[in-house]
Amino acid sequence: MSKRFYFDEFSEDIFDDEIQQYPSNQTICNILNQQQKRIAELEEQLKNAIVLPISVEQEIYCVYETDINGNIDYTIDKGYISTISKDVHDVWFYGIYDSGLTYWHLLQDFNNEVFTTKEEAQAKLEELKGE
C-alpha cells in the first residue's frame, strides 16, 4: 500500500498525493475523522465475525450411529464439506457429501459429529463403543 500523505519538510505542510494538493487543516481533520469512523466500523465487523472451523471441499470423517435389527453400532465414513450456509435466522449449517448424498448438520454441533482426522474419529468411535 502506498502512502497518500507526505510531510513536505521545506514548506512544513502535508501533501495529499491522491489529489496532488496541499489540503487545508480542516480537510485533513475531516479525512482523519472519516478514517477513524471507518476503522471503528471495521473493528465492529471483525468483533462480530464468525471464524468457521471448516472450509468447503475439506476432507472430514463422520461417526454415524447405525441400528440394524435393534442392534446399535457405530461406523466411520469419510466425506467432504460440500456447502456452508446460513439460514434466515442466522443459524449456520454445513453440508457433508458422503456416498453420493448430502447431509445437513448444524455448525454448532460440528465438533461432536465431524472430525478432521481419521484418528479423532476413531477416538470418538471407541468412546461411543465404551472401549
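On a predicted model such as this, the values are computed, not experimentally measured, just so you know.

A short note on the nonpolar core
Across soluble globular proteins, you tend to see nonpolar side chains buried next to one another. Y61, V63, Y74, I76, F115, A121 and L125 together form the largest nonpolar core, which totals seven residues. Of all the secondary-structure elements, those providing two or more residues to this core are β3 (59-68), β4 (71-86) and α3 (118-129). Dropping the residues within four chain positions of it, L125 is found in contact with V63, Y74, T75 and I76. Formed by five residues, the second largest nonpolar core is a distinct cluster that contains I60, C62, Y64 and V114.

Structural notes on the pairing of β3
Note: β3 against β4, ten bridges, orientation antiparallel. Directly across from Y64, in β4, lies its bridge partner T75. The hairpin turn running from β3 into β4, its antiparallel successor, is two residues long, and N69 in that turn takes a positive phi close to 55°. Here β3 runs beside strand β7 (residues 114-115); their pairing, made up of two bridges, is antiparallel. Following the sheet pairing, Y61 is matched in β7 by F115.

Remarks on the confidence of the model for the protein
The share of residues in the protein with pLDDT of 70 or more is 79%, and the mean pLDDT across the chain is 80. At the level of individual helices and strands, the protein shows its lowest average pLDDT in strand β6 (residues 101-106), which scores 58, and its highest in strand β2 (residues 13-16), which scores 93.

What about the pattern of salt bridges?
Two side chains carrying opposite charge are able to pair once their charged atoms lie near each other. Under the criterion given, the structure shown has five salt bridges. In this structure, R4 and E18 form a salt bridge, with 3.6 Å as the shortest nitrogen-oxygen distance. Of the two residues, R4 sits in the segment before β1 (5-8) while E18 sits in the loop between β2 and α1 (25-48), which places them 14 residues apart along the sequence. Look at E18 and you get exposed, because its relative accessible area is 58%. Each of R4, D16 and E18 takes part in a single network of salt bridges with overlapping partners.

Re the side chain of D16
You can see D16 is positioned in strand β2. Here R4 takes part through its side chain, which lies 2.9 Å from a polar atom of the side chain of D16. Beyond its immediate sequence surroundings of up to four residues, D16 is in contact with R4, F5, Q21, P23 and I31.

Some remarks on α3
For α3, built from twelve residues, the straight-helix expectation of 16 Å at 1.5 Å per residue is met to within 8% by its first-to-last C-alpha distance of 16 Å. Along α3, the residues classified as buried are A121, K124 and L125. Down the axis of α3, the buried set is contained in an arc of 105°. They therefore lie on one face. Exposed side chains of α3 directed beyond 90 degrees from the buried face belong to E119 and E127. Directly after α3, the chain includes G130, whose backbone phi takes a positive value near 80°.

Considerations on unusual backbone geometry
Working note: non-glycine residues mostly have negative phi, and peptide bonds are mostly trans. Phi is positive for E12, which is not a glycine, with a value near 55°. Within the secondary structure, E12 sits in the loop between β1 and β2. In this structure E12 comes out as exposed when scored by relative accessible area, which is 60%. Despite not being glycine, Q20 shows a phi value in the positive range, around 55°. Position of Q20 among the secondary structure elements: in the loop between β2 and α1.

Rules used throughout
Residues numbered from 1 in each chain as written. Predicted model: local features only at pLDDT ≥ 70, side-chain atom pairs only at ≥ 80, totals over all residues. Heavy atoms only, no water. Core = buried A, V, L, I, M, F, W, Y, C linked by side-chain atoms within 4.5 Å. Buried < 20%, exposed > 50% of the residue type's maximum accessible area, 1.4 Å probe, protein only. Helix = DSSP H or I, 4+ residues; strand = E, 2+ residues; numbered from the N terminus. Contact = heavy atoms within 4.5 Å. Pairing = 2+ DSSP bridges. pLDDT = per-residue confidence, 0-100. Salt bridge = Lys/Arg side-chain N within 4 Å of Asp/Glu carboxyl O. Polar contact = N/O pair within 3.5 Å; in protein donor to acceptor, adjacent residues only side chain to side chain. Expected span 1.5 Å × (residues − 1). Arc of directions from axis to C-beta.

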